[in-house]
Amino acid sequence: MLKKLILAAAGFALAAPAFAHDGGRGHGWGHYRQPHFHPHAVVVHPRPVVVMPAPRVFYAPPAPVYYAPPAPVYYAPPPVVYRPAPVYAAPVPVLPPSGVSIRLHFPL
């Protein structure tokens, strides 16, 4: 049993450099998996979470809308209508009697 223990210890002693790690300095295998251990790496801290309540929403009636009054309408005065001029019969020419006249004057 002691022999097995000595062989195991010798094996670990010879294999120790193979399992050695560089202390997280980024050299060798696995350096890309732990960039926050690199001495030149930028350390990013998580931002604090701020929880705020949702703002209250108020609904107001719409503002009144004022329209300009309609423009005044001006009407022209009513047209003056004249009665048409009376139409008379054509004047009959008064001709001197053509014939013998007996001047009879009867008082009425």
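First things first, this report covers the structure right here in the doc. Starting afresh in each chain, residues are numbered from 1 along the sequence in its written order. Confidence filtering applies because this is a predicted model: local features only for residues at pLDDT of at least 70, side-chain atom pairs given and counted only at 80 or more, and all residues used for totals across whole chains, interfaces and linings. Hydrogens and waters are ignored; side-chain quantities use all the structure's heavy atoms.

What about the overall build of the protein?
Alright, step 1. Helix and strand content of the protein: one helix and zero strands.
Alright, step 2. A simple rule labels every residue: compare its accessible area, found with a 1.4 Å probe on the protein chains alone, to the largest value its type can have, and call it buried under 20%, exposed over 50%, or partly exposed in between. In the protein, which comprises 108 residues, the share counted as buried stands at 2%.
Alright, step 3. Every accessible area reported is derived by Shrake-Rupley at a probe size of 1.4 Å, with residue values counting cover from the shown protein chains alone. Here the protein has roughly 12300 Å² of accessible surface; of this, 70% comes from carbon and sulfur atoms. Only runs of H or I of at least four residues qualify as helices and only runs of E of at least two qualify as strands under DSSP, and these elements are numbered from the N terminus.

Looking at a nonpolar patch on the surface
Alright, step 1. Nonpolar side chains (Val, Leu, Ile, Met, Phe, Trp, Tyr) within 5 Å and like charges within 9 Å form the patches, drawn only from residues with over 30% relative accessible area and no salt bridge. The term salt bridge refers to a pairing of a side-chain nitrogen on Lys or Arg with a carboxyl oxygen on Asp or Glu at a separation within 4 Å. Where nonpolar side chains cluster on the molecular surface, the patch consists of Leu2, Leu5 and Ile6 and spans about 340 Å² of accessible area.
Alright, step 2. Of note, Leu5 is situated in helix α1 (residues 2-19).

The values reported here are purely geometric and, on their own, carry no functional implication.
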